[in-house]
Amino acid sequence: MKIAVIGGGPAGLYFAILLKKSRPDIAVTIHERNKADDLFGFGVVFSDQTLDTFKTHDLESYEAIRRSFAYWDDIEIHFKDTVHRIGGNGFCGCSRRTLLMLLQDRARSLGVAMQFGSEIADEASIDADMIVIADGLNSALREKHRDHFGTRVDLRPNKFSWMGSTRPFDAFNYFFRQTSHGVFIAHCYQYEANASTWVLETTPETWASAGLDRMTEHESARFMEGVFAKELQGHTLQTNRSIWRNFPMIRNERWVKDNMVLLGDAKATAHFSIGSGTKLAMEDAIALYKSVLACDGVSAALSHYETTRRQEVERTQHAADTSLVWFEDVQRFWNMDPVQFAFGLMTRSKAITYDNLNLRAPDFVAAVDDMMARDVAAKGITAAPRKDVAPMFQPWRLRDMKLANRVVVSPMCMYSAKDGMPGDFHLVHYGARAMGGAGLIVTEMTCPSAEARITPGCTGLWNDAQQAAWTRIVDFVHANSEARICLQLGHAGRKGASKLMWDGMDRPLPEGGWGLIAPSPLPYYPESQVPRAMTEADMTEVTATFVAAARRAEASGFDMLELHCAHGYLLASFISPITNRRTDEFGGSLDNRLRFPLKVFEAIRAVWPASKPMSVRISASDWIAGGLDSDDAVEVSRAFARAGADLIDVSSGQTAPQSKPHYGRMFQTPFSDQIRNEAHIATMAVGSITGADQINTIIAAGRADLVALGRPHLADPAFTLRAAAWYGDATHHAPKQYAPGRDALYRQLEKERADLTELRLKARPKSHAPEDGTERMAAE
Ligand SMILES: Cc1cc2nc3c(=O)[nH]c(=O)nc-3n(C[C@H](O)[C@H](O)[C@H](O)COP(=O)(O)OP(=O)(O)OC[C@H]3O[C@@H](n4cnc5c(N)ncnc54)[C@H](O)[C@@H]3O)c2cc1C
Ligand SMILES: Cc1cc2nc3c(=O)[nH]c(=O)nc-3n(C[C@H](O)[C@H](O)[C@H](O)COP(=O)(O)O)c2cc1C
């Protein structure tokens, strides 16, 4: 068997080494267009975990890497004259040049044939049973078969350049510098004695304003020396093909064509801010070599590689995506408390959370807790900082309504009302969740008229009997818990007259339906009823029903109101251009589309007591091309805030059946982050948030002020009580009748937490720091 590898970078070399080592009978030839020592780049980064992997697969190259690396455990974040040093992040830096030289030596010693100065642009010139395309991000062979591979390149807006310096470091450093042109960022680490990598990054606007678009490589290095003069401590910046580029996020729908396979950057890139480019390339090599060993024949091996490797690559790319966006948006976080800024940076890609940071850097997490406590006290919510409490248990306030903690039961239709009447089910349902410890309960969407309902099972608030039933629930919640309760008011619009959830979500009732209204006469599904386009008289009438319901809500004793302007229901369908095709003053521009929802909001706000807060639930993205996006959502939020909204409840989608959300853990939280930190409005995050650790991370990073959980609360009414027991928050309230259960739970979870912490500490990758202590090789 003959294998040709195009490209002698880390991916191609490592694959050749591993394969040749196990299968000396296979002829492996590397074609590298450059000369053996014509190498670019400064340092590359590997984590302890990656070093573990290398050690397992080829001890010789691992030892060679280890002989020449710089090791560190800490990350330092330098922001506005503050420095946060966060430990427990075992990493090494290694010269890319040294890495490639030692991989070349190892490959040569194993009998890999290496042809330097051999540039391959066409597979026809290669005589091999299998061709490994490892020629980097501009891969010529991939480009040739771009349509087959389904190559997608997302060229990111920020500009970056790799430079080097002789300044030593004993940690990974992030430097943030404000200049008259804008913010510059430097990602820096040492990779061998007196040699460090400086990846410099800025927005295209700042880059152009500074004139970097017109400078030579040499001039740009001198300019950047000026920006980071303090950080360089007298050292200079070195260049080596250090041109400013835009990072290409490369993805391929298919990795295999006939006997050819993509490897490393040619196949998928990962942004430098997670330091995984070389790691990903070398781990690809491991996966491909294992597939060749495991399978009979080239075709089986290549498809095995793609099947087994894709998920891990996509996971890393997703983490890289979220990480790079944080740096692109850095201006958004510029006015944050430096501790919050640092915590946000550390937790940006979801891999690091409040809990796992607590294992590696408890002092930093204590500073985060302290920052949260100071913030709450500074806002006058507590008389003095409430120390030693996890962020989710810091109280919160909206107008005169105080919340004991940041956990919210998300509004969820129970489809169990008769003629809009909440019954015993609702009393038990809401009562149990209030006693379970959430700070705020939001009721299911409750309708101001019978015609406003989604289904015949929806609750309403248009008559005295319903008002009395809601009063019973509100009174129970107030008498037996510290929870506050918010009524969500909404009108179904074109999604009305539908079946109950369990009979067919959003599908039209076969009989007994009622007439529907909407901004435009567009049915939800083709078989759905065609709604009537609303007249101004309809708008006046609907507004009056909302106002009447709000008065009844006040009479029932609700603490808060939420106006449902999300999920494609009536008010949402006015806001979205997908569902609003009107040509009058209620359609067209965003301002026009907001006119009716704002009118309803203002009318309710006018009768709702000034001491009580109101929120608005929005769909921050339609997830449809040409629909609402997150920038629109910032404007929508600003408009409601100007009208008196105290909180934006940030959901997304459900506008129309063609909506394609990118589901995943906490998938809507980035919208909340953007709205909170760009529009400076309190927000509530929701959507696939399942654990207390995630809530603490979201709150402490300033991505939201409150966190709503829907489905987790259907499975566990006492979610918040459990979390309080887990974190040992002794002040958490539980009904006195339940005290023995509460105490037992606290004891049990304290022990479980200690056991888990021990297990997690043991499971951490072993440190690869040199035993002789030379890891702090910085100052030579
Ligand atoms: C300018 C630059 C500097 C970088 N510096 C760093 C750094 O300091 N630290 C870091 O961690 N990462 C750095 N990276 C990213 C890092 O190089 C990649 O993530 C990683 O090397 C991917 O490995 P690879 O083997 O897939 O591709 P590469 O390392 O890009 O290797 C591809 C190889 O293929 C060769 N080649 C290309 N086309 C052909 C052809 N048609 N025929 C034959 N050979 C060909 C190239 O010369 C190259 O040697 C840098 C990237 C660039 C573009
Ligand atoms: C059964 C069910 C009913 C729901 N009803 C409503 C509702 O009445 N109003 C609303 O705004 N959202 C409603 N939602 C959406 C939830 O409030 C929440 O945004 C969504 O479930 C995502 O959060 P989760 O991942 O924590 O469940 C409902 C969700 C479920 C599962």
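Residues numbered from 1 in each chain as written. Chains lettered and ligands numbered in written order. Predicted model: local features only at pLDDT ≥ 70, side-chain atom pairs only at ≥ 80, totals over all residues. Heavy atoms only, no water.

*Asks:* Mind showing me how you'd approach the overall build of the protein here?
*Replies:* Each helix and strand counted, the protein has 26 helices and 29 strands in total. A compact globule built from 780 residues would reach a C-alpha radius of gyration of about 28 Å, and the protein, at 29 Å, matches this within 12%. Along the longest, intermediate and shortest principal axes, the C-alpha atoms of the protein span 90 × 55 × 55 Å. Across the protein, contacts joining residues at least 24 apart in sequence account for 71% of those joining residues at least 6 apart. When the accessible surface of the protein is split by element, carbon and sulfur atoms take 51% of a total near 30,100 Å². Here the protein contributes 87 positive and 95 negative side-chain charges, whose respective centroids are spaced 1 Å apart. (Helix = DSSP H or I, 4+ residues; strand = E, 2+ residues; numbered from the N terminus. Rg over C-alpha atoms; globule rule 2.2 N^0.38 Å. Contact = heavy atoms within 4.5 Å. Areas by Shrake-Rupley, 256 points an atom, 1.4 Å probe, with all protein chains shown as cover. Lys, Arg positive; Asp, Glu negative; His and termini not counted. Charge placed at Lys NZ, Arg CZ, Asp CG, Glu CD.)

*Asks:* Is there a simple way to think about the site of ligand 2 in this case?
*Replies:* In the neighbourhood of ligand 2, 18 residues make up the surrounding shell, with Ser410, Pro411, Ser688, Gly710 and Arg711 lying closest. At 2.6 Å, a backbone N or O of Pro411 approaches an oxygen atom of ligand 2. Out of a free accessible area of 600 Å², ligand 2 has 86% covered by protein chains. Elements with a contribution of two residues or more to the shell around ligand 2: strand 21 (440-446) and helix 24 (711-715). A per-class count over the shell around ligand 2 returns eight nonpolar, seven polar and three charged. (Near = heavy atom within 4 Å. Polar contact = N/O pair within 3.5 Å; in protein donor to acceptor, adjacent residues only side chain to side chain. Nonpolar A, V, L, I, M, F, W, Y, C, P; charged D, E, K, R; others polar.)

*Asks:* What is the right way to look at the confidence of the model for the protein in this model?
*Replies:* Fine structural detail should not be taken from predicted coordinates in areas where pLDDT scores are low. Summing up the model confidence of the protein, the mean pLDDT is 94 and the portion of residues at 70 or higher is 98%. Note that pLDDT drops below 50 for residues 774-780; the model gives that stretch 20 contacts with residues more than four away or on any other chain. (pLDDT = per-residue confidence, 0-100.)

*Asks:* What should I look at first to understand helix 26 (residues 739-763) in this one?
*Replies:* In an α-helix there are 3.6 residues to a turn, and that puts residues three or four apart on one side. With 25 residues, helix 26 ought to run about 36 Å at 1.5 Å a step, and its terminal C-alpha atoms sit 36 Å apart, in line with that. The complete set of buried residues in helix 26 reads Arg742, Leu745, Tyr746 and Leu749. Buried residues in helix 26 make contact with helix 25 (719-727). (Expected span 1.5 Å × (residues − 1). Buried < 20%, exposed > 50% of the residue type's maximum accessible area, 1.4 Å probe, protein only.)

*Asks:* In this structure, what is going on with the pairing of strand 26 (residues 614-619)? I would like to understand it.
*Replies:* It is a general feature of regular strands that their side chains alternate between the two faces of the sheet. A large share of strand 26 lies buried, amounting to six of its six residues. Every second residue of strand 26 is oriented toward a common face, with Met614, Val616 and Ile618 on one face and Ser615, Arg617 and Ser619 on the other, all of them buried. When strand 25 (residues 560-565) meets strand 26, the two strands line up parallel, connected through five bridges. Bridge assignment links Cys565 to a residue of strand 26, and that residue is Ile618. With helix 21 (residues 630-642) bridging strand 26 and its parallel neighbour strand 27 (residues 647-651), the resulting β-α-β unit is right-handed. (Pairing = 2+ DSSP bridges. Right-handed = clockwise from strand over helix to strand, strands pointing away.)

*Asks:* Got a minute to help me understand the sheet that holds strand 25 in this structure?
*Replies:* Taken in spatial order, the eight strands close into a barrel running 20-21-22-25-26-27-28-29, and their pairing is parallel. Neighbour-to-neighbour, the strand axes of the sheet open up by a mean angle of 25°, direction not taken into account. With three bridges connecting them, strand 28 (residues 683-686) and strand 29 (residues 706-709) associate as parallel partners. When the bridges of strand 29 are listed, Ala685 appears paired with Val707. (Axes fitted to C-alpha atoms, helices over the stretch in contact; angles between N-to-C directions.)

*Asks:* Help me understand the packing of aromatic side chains in this model?
*Replies:* The way to describe two aromatic rings as a pair is by their centre distance and the angle between their planes. Tallied over the entire structure, the rule returns 38 aromatic pairs. Ring plane angle 35° and centroid distance 5.8 Å describe the contact between Tyr174 and Phe327, whose orientation is recorded as tilted. With Tyr174 in strand 11 (residues 172-179) and Phe327 in helix 11 (residues 298-328), the pair connects residues that are 153 residues apart, well separated along the chain. Of the two residues examined, Tyr174 and Phe327, each falls in the buried class. Note on Phe247 and Phe272: the rings are 6.1 Å apart at their centroids and 75° apart in plane angle, and the pair reads as edge-to-face. In this pair, Phe247 is assigned in strand 15 (residues 245-252) and Phe272 in the loop between strand 17 (260-262) and helix 10 (277-294), connecting sequence segments 25 residues apart. On the basis of relative accessibility, which here comes to 9%, the residue Phe247 falls in the buried class. An aromatic cluster of at least three residues, connected via ring pairs, comprises Trp72, Phe79, Phe91, Phe172, Tyr174, Phe176, Tyr189, Trp326, Phe327, Phe333, Trp334 and Phe341. Note that Lys267 overlies the ring of Trp255, its terminal NZ or CZ placed 5.2 Å from the centroid. (Phe/Tyr/Trp six-rings, centres within 6.5 Å; stacked < 30°, edge-to-face > 60°. Lys NZ or Arg CZ within 6 Å of the ring centre and 35° of its normal.)

*Asks:* Would you mind showing me how to read the pattern of salt bridges here?
*Replies:* Close approach of charged atoms lets side chains of opposite charge pair. Enumeration according to the criterion identifies 50 salt bridges in this entry. The salt bridge involving Asp58 is made with Lys21; its shortest N-O contact spans 3.1 Å. Separated by 37 residues along the polypeptide, Asp58 in the loop between helix 2 (48-57) and helix 3 (59-67) and Lys21 in helix 1 (residues 10-22) bring together distant segments of the chain. Classification of Asp58 by relative accessible area gives buried; the value is 0%. Note that Asp329 is salt-bridged to Arg332, the shortest N-O span being 3.2 Å. The exposure class assigned to Arg332 is buried, which follows from its relative accessible area of 14%. (Salt bridge = Lys/Arg side-chain N within 4 Å of Asp/Glu carboxyl O.)

*Asks:* Would you mind going over helix 18 (residues 536-556) with me for this structure?
*Replies:* Under the 1.5 Å per step criterion, the end-to-end length of helix 18 is 30 Å for 21 residues, consistent within 8% with the ideal 30 Å. Buried within helix 18 are the following residues: Asp538, Met539, Val542, Thr543, Phe546, Val547, Ala549, Ala550, Arg552, Ala553 and Ser556. Gly557 sits one or two positions beyond helix 18 and adopts a positive phi of about 95°.

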